[in-house]
Amino acid sequence: MKVDQKGHTVTIKDTQGDFNGFVEKVTQQFKTFEKHNVIIDLLSDSGLSENDLKVFLPLVKLQKKAKKSFVIVASDLDFNAVSDKLVVVPSLLEAHDIIEMEEIERDLGF
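Residues numbered from 1 in each chain as written. Predicted model: local features only at pLDDT ≥ 70, side-chain atom pairs only at ≥ 80, totals over all residues. Heavy atoms only, no water.

Going by the annotation in an unreviewed UniProt entry, the name recorded for the chain is Ribonuclease Z, with Flavobacterium johnsoniae given as the source organism.

Some remarks on the sheet that holds strand 3 (residues 37–41)
Taken in spatial order, the 5 strands line up as 1-2-3-4-5 in an open sheet, and their pairing is mixed. Lying at the two open borders of the sheet, with one neighbouring strand each, are strand 1 (2–6) and strand 5 (87–89). Adjacent strand axes in the sheet meet at a mean angle of 20 degrees, parallel and antiparallel pairs treated alike. Taken together, the 5 bridges between strand 2 (residues 9–13) and strand 3 define a ladder with parallel strand orientation. Each bridged residue has a counterpart across the sheet, and for Val-10 the counterpart in strand 3 is Val-38. (Pairing = 2+ DSSP bridges. Helix = DSSP H or I, 4+ residues; strand = E, 2+ residues; numbered from the N terminus. Axes fitted to C-alpha atoms, helices over the stretch in contact; angles between N-to-C directions.)

Digging into the packing of aromatic side chains
When we look at a pair of aromatic rings, we describe it by the centre distance and by the angle of the planes. Counted by the stated rule, this structure contains 3 aromatic pairs. With 6.1 Å between their ring centres and 80 degrees between their planes, Phe-19 and Phe-56 make a pair best called edge-to-face. In this pair, Phe-19 sits in helix 1 (residues 19–28) while Phe-56 sits in the loop between strand 3 and helix 2 (57–65), placing the two residues 37 residues apart along the sequence. Neither residue differs from the other here; Phe-19 and Phe-56 are each classed as buried. (Phe/Tyr/Trp six-rings, centres within 6.5 Å; stacked < 30°, edge-to-face > 60°. Buried < 20%, exposed > 50% of the residue type's maximum accessible area, 1.4 Å probe, protein only.)

Some words on unusual backbone geometry
With a phi angle near 60 degrees, Lys-67 is a residue other than glycine that sits in the positive phi range. Positionally, Lys-67 belongs in the loop between helix 2 and strand 4 (70–73). Phi angles above zero are rare outside glycine, and Asp-76 is one such case at about 60 degrees. Following the sequence through the fold, Asp-76 ends up in the loop between strand 4 and strand 5.

Here we look at the layout of surface pockets
As a volume, the largest pocket reaches approximately 160 Å³. Lining the largest pocket, in full, are Lys-2, Asp-4, Lys-6, Thr-9, Thr-11, Lys-13, Asp-41, Leu-92 and His-96. Of all elements in the fold, only strand 1, strand 2 and helix 3 (92–108) reach the threshold of two or more residues within the lining of the largest pocket. Partitioning the lining of the largest pocket into residue classes produces 1 nonpolar, 3 polar and 5 charged. (1 Å grid on protein atoms, 1.4 Å probe; cavity = no way out; pocket = protein on both sides within 12 Å on 5 of 7 lines; lining within 4 Å. Points joined across faces, edges and corners; volume = space filled by probe spheres on them. Nonpolar A, V, L, I, M, F, W, Y, C, P; charged D, E, K, R; others polar.)

Quick notes on the nonpolar core
Counting residues in hydrophobic clusters, the biggest one holds 23 residues, and the most contacted among them are Ile-40, Leu-42, Leu-53, Phe-56, Phe-70 and Ile-72. Counting residues per element, the ones that place at least two in this core are strand 2, helix 1, strand 3, helix 2 and strand 4. At 4 residues, the largest contribution of residues to this core is made by helix 1. Other than its neighbours up to four places away in sequence, Leu-53 contacts Leu-42, Leu-48, Ile-72, Leu-77, Leu-86 and Val-88. Ile-39, Val-71, Val-73 and Val-89 belong to the second-largest nonpolar core, a separate cluster that totals 7 residues. (Core = buried A, V, L, I, M, F, W, Y, C linked by side-chain atoms within 4.5 Å. Contact = heavy atoms within 4.5 Å.)

What follows is the structure, given as structure tokens:
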């Protein structure tokens, strides 16, 4: 697991290729990231399904309560089949753009 912090955003990348182990590590260490916007980089994990991403729902709820963003970056998915509660995008650039837009919305009180 590689953690990269830039400003108020933390990018967490799976470097082991073990999705379940990665989810467990992120969940265990989530208290250290909760004051930041979080990007979960799963670009290196091929073969993930839309259903696999549902394990992040509890963390998404925590982030929403804390008024922070939680974005998952994954490729080769049917983005229309992903739960509406999850924000999933195909690139890191889009993840940063989503966080920026959500920050603006929160500043404006939406």
